[in-house]
Amino acid sequence: MCGISGYLGTEPAGRIVHQGLKNLEYRGYDSAGIALVGDTLTITKTEGEVDELPVPTQDDITCGIGHTRWSTHGEPTEANAHPHTDCTGEVAVVHNGIIENYDALKASLRDDHVFKSDTDTEVIPHLIETHLADDVDLLTAVQRTTDQLEGSYAIAVTAAGYDGIVVARQDSPLLLGHADDATFIGSDATAFIEHTDRVTYLESGDIAHITREGVEIYNHGERVERDVETLEWDADAAGKGGYDHYMLKEIHEQPRALRQAISGRVDELATSVDLDIDLPEEYLQSVEEIQIIACGTSYHAGLYAAELLEAHAEVRTSVHVASEYEFNGGRDPWRTLVIAITQSGETADTLSALRTATRAGARTLALTNTLGSTVTREADDTVFIRAGPEIGVAATKTFVSQVATATLFSVYLAQVRNGISTKTATRLLESVRDLPGAVQQILDQEDIIKETAREYADSDAFFYIGRAVGYPVALESALKLKEISYDHAEGFPAGELKHGPLALVTSETPVIALLTDETRPKKTLNNVKEVKSRGAPVIGIASDPETTGHVDTTFDIPDCGAMEPVVGNVALQLFAYYVADEKGRPIDKPRNLAKSVTVE
Amino acid sequence: MKAVVLAAGKGRRLWPLTENRPKPMIPVANRPILEHVVDALDTAGVDEIVLVVGANRERVQSHFEDGQGWDLDISYVVQEQQLGTGHALLQAESKIGDSFVALNGDRIINAELIEDVWERHRDTNDPVVSVTRIDEPSSYGVVELDGEDVASIEEKPLPQLTKSDYINAGVYAFSPDIFAAIRRTDTHGEQALTDTLSELASERRIRAVQYRGMWLDVSEPWDLLDVNDSLIAYHGPSGDRPASVDESAVVAEAALTGDGVAVHPQAAVLRGVTLGDNVSIGPGAILENAVILSDVTIKAGSVVKDCIVGANTTLGPNTTVEGGDTDVVLADTVYHDVTFGGLIGDNVDGGGNVTVQPGTIVGNDATLGSGSLISGRIDERSHVTRG
């Protein structure tokens, strides 16, 4: 996963491309570079974050491309930073994705070309060089080159003296932004959102030729038209709005994100849900199994959703880590609905699993945050979680919005399948409606959570336990802590502790127990007693004062029924944030991680 | 044009609403007071705003972010301790290189005032203070004028000693040398901007700009109801119908509703009512002249009149807030005959058949037991049971 930014217009390209990279930094930040196009190419690169890359000062140059990298092939060094060039130094390429046949291509080129980096990308400029030698234009050279490439890629190419940019897309995301006198290129709209909200999403196989005359798009040699769409969400994404980190900003945005997620979708009077789902009701009634495919935080949201779907929609539901997914076990594909959960809509593992399901003949539904993303085009139907852009690498508001939206979907499906009483549906929908206010109450307790986090920051390890929907929340809360604080943190089903992990518990390993409604708190209290007798301090996440007598510290969760564990997760997001903050970690850019992972 | 807005104010007389949010973030006409101020700045041609924030600054930051929603450049400086308006302004010094406008974030004014103040400063390069004439000036900074110049400013003088009917309207324009003047001013614990200006008035000309337009200040809880009502009248009916209003329910034109509001059968949302986002009004409930914050649930058959209800509060079935005129004691001052049904804080959990007597103020997170009779001041987190 990397970020691509590009510009052709009338303003200084260096500044705009640099800002674009800065906006995309959440996609990768271990090296960066920019190529500006004049009579010769001016290339600047650096190891490290975009801030280390000087802003180009050639203000007369109005065409350029740039890249911020998250390493897959080759160490994060200046030599491996993009843009990469050919032997003549006249062709510059930036690339996001993986060229799977680069070994073979490199071997075929090695005799006549000098390679300066360890990247898979570098074969591309050299291939273009060989085609340009046949005296074709840059567009044709790129077309011939992409015919030779296997794998996933989004590339942007330019050349010395060439007042234009050629971009190509295969699986990896790439889109164009249109302003009155300029065209922007970005891995996502964040790259240029402050300049324009009019965008064109390229499809796989598209090659776009960007010149001063405009944009022409080709697919397999044929000229094609792609729609210009106006982005629905406003540009609120870019800045940190006075917060120290995007993550903290996004934690505080959750009440609003949740109100957006549910607004207009619940008809309290009729006790019904409208998610604008096009899948036919007869089909949904006939479904025998739901398979959820997802990675990371989205996987945890999937586990949560599965509990609700099984309990209320009376449909067998399995949850699969997307990279492990296979369609087998004698399932009837026509009676299986596959739900892909991905925040970005570009997660390569999830898209790959989705394609496996499609090939097997199952119908697919995407649950995503990103309009126009690949998953929305590949799945049969899409439900948006409407959380707004999320920049922090550690997912926060998108998790709660995923769970809230999945809960609405569960009620919808249950009603379609006649599996739910009005009383239960009302209880669930009221609980979802109570969620924004309850989350705000947690945010108002920030100081207490911060103090507790400081107190336990130096612990050896952290164990999170929960039952039922408390279990996915335990997994998710542990993931948050390990992502940003680098501490050893694990989530366990509370009952499983005694079957092994209890050996890890000492007086230096706090245990965080989910004890809210819907998590079978009375049973979990037995496990709390187990760890307390081994001397471990216990933090309880509880709404009922009866449970709090058994724990050392309580994070009080307001009463809000079925959604209480989600509210507990918000408290634990803040806990993870302040543990990491106490340790001075780079919270928005945790080492080795990137926001959405577009490689398998 | 740059503006510095002081948005760290506590507003203790608006307890308990100011426990969880700074005073400028209290909503009137369904938007925070500060947003009305930001709108006026935007209209006046300001493109860059520095917000001085303090306690609960997350509420301000999460609402305004970096200003993209207003096409403004909004940034933040933090005043860790409340040490006066001069001290608050000093926090913004590093962000100011040139002349600027400064104003309070908790008073709603028109864009023209900002334009006039700025123009006078540009013409004269002197410090400019806005003044407005009111009937009872003694609870504000009273400005004595010498022609069109400021002669002195005195904070809250005794009523019999007020020398003028003009008060400081809280909008200023300064050049950056104001920061040095603030630092030179003697402090007695608090660094008040008006102290600096009073001192400065003896050394140099300070210009006054007179203002006769809308000037809405929220000092006491019932002001919220009046300001809310005035703004609804001023801006006219929104014309928006909430997504989920039953056919048999009534929502008056002079009422505002947020996103995701549900109004159940036979409910009546009458004049002067503002419903925040995600509010649910139960069957048969009647609301009049009320400010209801977001995420509130009001259950069947309740009557809520002349009342403010804090965020995420639940009022049980048949809750009665009868409203009307009453005498209220607030911070040792008696206010006679104010129209004030009550102020109920955030996250209050109310049972059925609760009766709230006029003038009651209920703290945050309180529990009101079924059938209880509530009056006076209820502490936060307390449990009231039927006695």
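Fair warning: this is a prediction, and the values are worked out from it, not measured in the lab.

A. The overall build of chain A, seen in detail. Per the secondary structure count, chain A includes 16 helices and 27 strands. Taken over C-alpha atoms, the radius of gyration comes to 25 Å for chain A, in line with the 25 Å a tight globule of 600 residues would show. Dimensions along the principal axes, computed over C-alpha positions, put chain A at roughly 80 × 55 × 45 Å. Across the 600 residues that make up chain A, the buried fraction comes to 64%. Expressed as a percentage of contacts within chain A between residues at least 6 apart in sequence, the contacts between residues at least 24 apart total 70%.

B. How the structure looks around the pattern of salt bridges. Residues and elements named next belong to chain A. Counted according to the given criterion, the structure contains 47 salt bridges over all chains. The partner of K22 in a salt bridge is E25, with the nearest N and O atoms 2.8 Å apart. Owing to a relative accessible area of 4%, E25 belongs among the buried residues under this scheme. Linking R226 and D206 is a salt bridge whose minimum nitrogen-to-oxygen distance equals 2.6 Å. Here D206 lies in strand β12 (residues 206-211) and R226 lies in the loop between β14 (222-224) and β15 (229-230), a separation of 20 residues in the sequence. Classification of R226 by relative accessible area gives partly exposed; the value is 21%. Put simply, K22, E25, E49, D51 and K589 are held in one network by salt bridges that share partners.

C. Highlighting the sheet that holds strand β25 (residues 511-514) of chain A. All names here are of chain A. Overall, parallel pairing links the five strands, which are arranged β24-β23-β25-β26-β27 in an open sheet. On the outer flanks of this sheet lie β24 (488-493) and β27 (553-556), each paired with one strand and no other. Going from strand to strand, the sheet's axes swing by 20° on average, the running direction of each strand aside.

D. Main features of the domain arrangement of chain B. All names here are of chain B. Partitioning chain B into structural domains gives domain 1 (2-217) and domain 2 (231-384). Placing a centre on the C-alpha atoms of domain 1 and another on those of domain 2 gives a separation of 31 Å. Counting residues at the interface gives 17 residues for domain 1, matched by 28 residues for domain 2. Together domain 1 and domain 2 conceal approximately 1,600 Å² of surface at their shared face, both sides included; 64% is due to carbon and sulfur atoms. Applying the counting criterion to the domain 1 and domain 2 interface returns one salt bridge.

E. Spatial organisation of the nonpolar core. Residues and elements named next belong to chain A. One finds L337, F409, Y464 and F575 to be the most contacted residues of the largest nonpolar core, which totals 94 residues. Split by domain, this core shows at least three residues from each of two domains, domain 2 (246-444) and domain 3 (445-600). Apart from the residues within four sequence positions on either side, L337 is in contact with L279, Y283, L284, V287, E289, I290, Q291, R363, T364, L365 and F409.

F. Layout of the domain arrangement of chain A. All names here are of chain A. Domain assignment breaks chain A into domain 1 (3-230), domain 2 (246-444) and domain 3 (445-600). With centres defined by C-alpha atoms, the gap from domain 2 to domain 3 works out at 24 Å. Each partner contributes to the interface: domain 2 provides 42 residues, whereas domain 3 provides 42 residues. Around 3,600 Å² of area is buried between domain 2 and domain 3 when both sides are counted, 66% of it from carbon and sulfur atoms. At the junction of domain 2 with domain 3, the criterion picks out one salt bridge. For the pair domain 2 and domain 3, the number of links is 18 residue pairs in polar contact (both at pLDDT 80 or more). When residues of the side of domain 2 that touches domain 3 are traced back to their parent elements, those giving at least two are α5 (246-252), α8 (296-312), α9 (348-360), α11 (397-416) and α12 (422-443). Of the residues forming the side of domain 2 that touches domain 3, the biggest block, 11 residues, is contributed by α12.

G. The arrangement of the layout of surface pockets in detail. Residue and element names in this part refer to chain B. In this structure, the second largest pocket spans a volume of roughly 1,700 Å³. Around the second largest pocket sit 45 residues that line it, and R13, K23, R107, S139 and K156 are the ones nearest its centre. Residue assignment for the lining of the second largest pocket shows that the elements contributing at least two residues are α4 (85-90), β11 (166-174), α7 (193-201), β13 (215-217), α8 (221-235) and β27 (333-339). The leading source of residues in the lining of the second largest pocket is α8, at four residues. The residue inventory of the lining of the second largest pocket, partitioned by class, reads 16 nonpolar, 15 polar and 14 charged.

H. Quick look at the pairing of strand β5 (residues 73-78) of chain B. All names here are of chain B. Two elements, strand β4 (residues 48-53) and β5, share six bridges in a ladder whose sense is parallel. The partner of V53 across the bridge, within β5, is V78. You can see the chain leave β4, run along helix α3 (residues 57-64) and come back into β5, and the turn it takes is right-handed.

I. Expanded view of the packing of helix α14 (residues 470-485) of chain A against helix α16 (residues 564-582) of chain A. Residue and element names in this part refer to chain A. Remark: α14 packs on α16, axes separated minimally by 9 Å, with the N-to-C direction vectors making an angle of 15°. Classed by the angle they form, the pair α14 and α16 counts as roughly parallel. In terms of crossing hand, the pair formed by α14 and α16 is right-handed. Contacts between α14 and α16 involve V473, E476, S477, K480, L481, I484 and S485 from the first element and P565, V566, N569, L572, Q573, A576, Y577, V579 and A580 from the second. Tallied by class, the residues present in the contact of α14 with α16 amount to 10 nonpolar, four polar and two charged.

J. Just the interface of chain B and chain A, in detail. With 32 residues of chain B at the contact, the number on the chain A side is 27 residues. Of the roughly 2,200 Å² buried where chain B meets chain A, counting both sides, 40% is carbon and sulfur surface. Between chain B and chain A we count four salt bridges in total. Where chain B packs against chain A, one counts 18 residue pairs in polar contact (both at pLDDT 80 or more). Broken down by secondary-structure element, the contributors of at least two residues to the side of chain B that touches chain A are α3, β14 (244-245) and β17 (262-263) of chain B. Here the element with the most residues in the side of chain B that touches chain A is α3(B); it accounts for six residues. Residues that form the side of chain B that touches chain A fall into these classes: seven nonpolar, 15 polar and 10 charged.

K. A look at the pairing of strand β23 (residues 461-466) of chain A. All names here are of chain A. For β23, a buried count of six out of six residues is recorded, marking the element as mostly surrounded by other parts of the structure. Every second residue of β23 is oriented toward a common face, with A461, F463 and I465 on one face and F462, Y464 and G466 on the other, all of them buried. Sheet topology note: the β23/β24 ladder contains six bridges and is parallel. Bridge pairing in β24 places F462 opposite A489.

L. Structural detail: the packing of aromatic side chains. For the coordinates displayed, the defined rule picks out 14 aromatic pairs over all chains. Their ring planes at 40° and their centres at 5.1 Å tell us that B:F64 and B:W70 sit as a pair that is tilted. Judged by its relative accessible area of 17%, B:W70 is buried. In this structure, A:K240 packs its charged tip against the face of A:Y246, placed 5.6 Å from the ring centre. The side chain of B:R377 reaches across the aromatic face of B:W15, ending 3.9 Å from its centre.

M. Broad picture of the UniProt feature "domain: Nucleotidyl transferase" (unreviewed entry) in chain B. The feature "domain: Nucleotidyl transferase" (unreviewed entry), as given by UniProt, occupies residues 2-230 of chain B in the numbering adopted here. Secondary structure across residues 2-230 of chain B comprises 30% helix and 28% strand; the distance between its end C-alpha atoms is 29 Å.

N. Geometry of α12(A). Its 22 residues place the ends of α12(A) 32 Å apart at the C-alpha level, agreeing with the 32 Å of an ideal helix rising 1.5 Å per residue. For α12(A), the principal kink sits at A:L435 and spans about 40°; a proline, A:P436, occurs within the next four residues.

O. Spatial organisation of the UniProt feature "active site" (unreviewed entry) in chain A. All names here are of chain A. Mapped onto this numbering, the UniProt entry annotates "active site" (unreviewed entry) at C2 and K595. With the annotated positions falling across 594 residues, the maximum pairwise C-alpha distance of 9.9 Å places them together in a single cluster. Of note, C2 is situated in the segment before β1 (3-8). Relative accessible area serves as the criterion here: at 6%, C2 is assigned to the buried category.

P. View of the UniProt feature "domain: SIS" (unreviewed entry) in chain A. Residues and elements named next belong to chain A. The feature "domain: SIS" (unreviewed entry), as given by UniProt, occupies residues 279-424 and 452-590 in the numbering adopted here. For residues 279-424, helix accounts for 44% and strand for 20%, while the C-alpha atoms at its two ends are 24 Å apart. In residues 452-590, the share of helix is 37% and the share of strand is 18%. The end C-alpha atoms are 22 Å apart.

Cut-offs used in this document
Residues numbered from 1 in each chain as written. Chains lettered and ligands numbered in written order. Predicted model: local features only at pLDDT ≥ 70, side-chain atom pairs only at ≥ 80, totals over all residues. Heavy atoms only, no water. Helix = DSSP H or I, 4+ residues; strand = E, 2+ residues; numbered from the N terminus. Rg over C-alpha atoms; globule rule 2.2 N^0.38 Å. Buried < 20%, exposed > 50% of the residue type's maximum accessible area, 1.4 Å probe, protein only. Contact = heavy atoms within 4.5 Å. Salt bridge = Lys/Arg side-chain N within 4 Å of Asp/Glu carboxyl O. Pairing = 2+ DSSP bridges. Axes fitted to C-alpha atoms, helices over the stretch in contact; angles between N-to-C directions. Domains from an automatic or database assignment. Buried area = accessible area lost by both parts, 1.4 Å probe. Core = buried A, V, L, I, M, F, W, Y, C linked by side-chain atoms within 4.5 Å. Polar contact = N/O pair within 3.5 Å; in protein donor to acceptor, adjacent residues only side chain to side chain. 1 Å grid on protein atoms, 1.4 Å probe; cavity = no way out; pocket = protein on both sides within 12 Å on 5 of 7 lines; lining within 4 Å. Points joined across faces, edges and corners; volume = space filled by probe spheres on them. Nonpolar A, V, L, I, M, F, W, Y, C, P; charged D, E, K, R; others polar. Right-handed = clockwise from strand over helix to strand, strands pointing away. Parallel < 35°, antiparallel > 145°, perpendicular 65-115°, else oblique. Left-handed = near helix turned anticlockwise from the far one by under 90°. Phe/Tyr/Trp six-rings, centres within 6.5 Å; stacked < 30°, edge-to-face > 60°. Lys NZ or Arg CZ within 6 Å of the ring centre and 35° of its normal. UniProt positions renumbered as here; feature names shortened; annotations may be inferred. Expected span 1.5 Å × (residues − 1). Bend = angle between axes of the 7 residues up to and from the residue.

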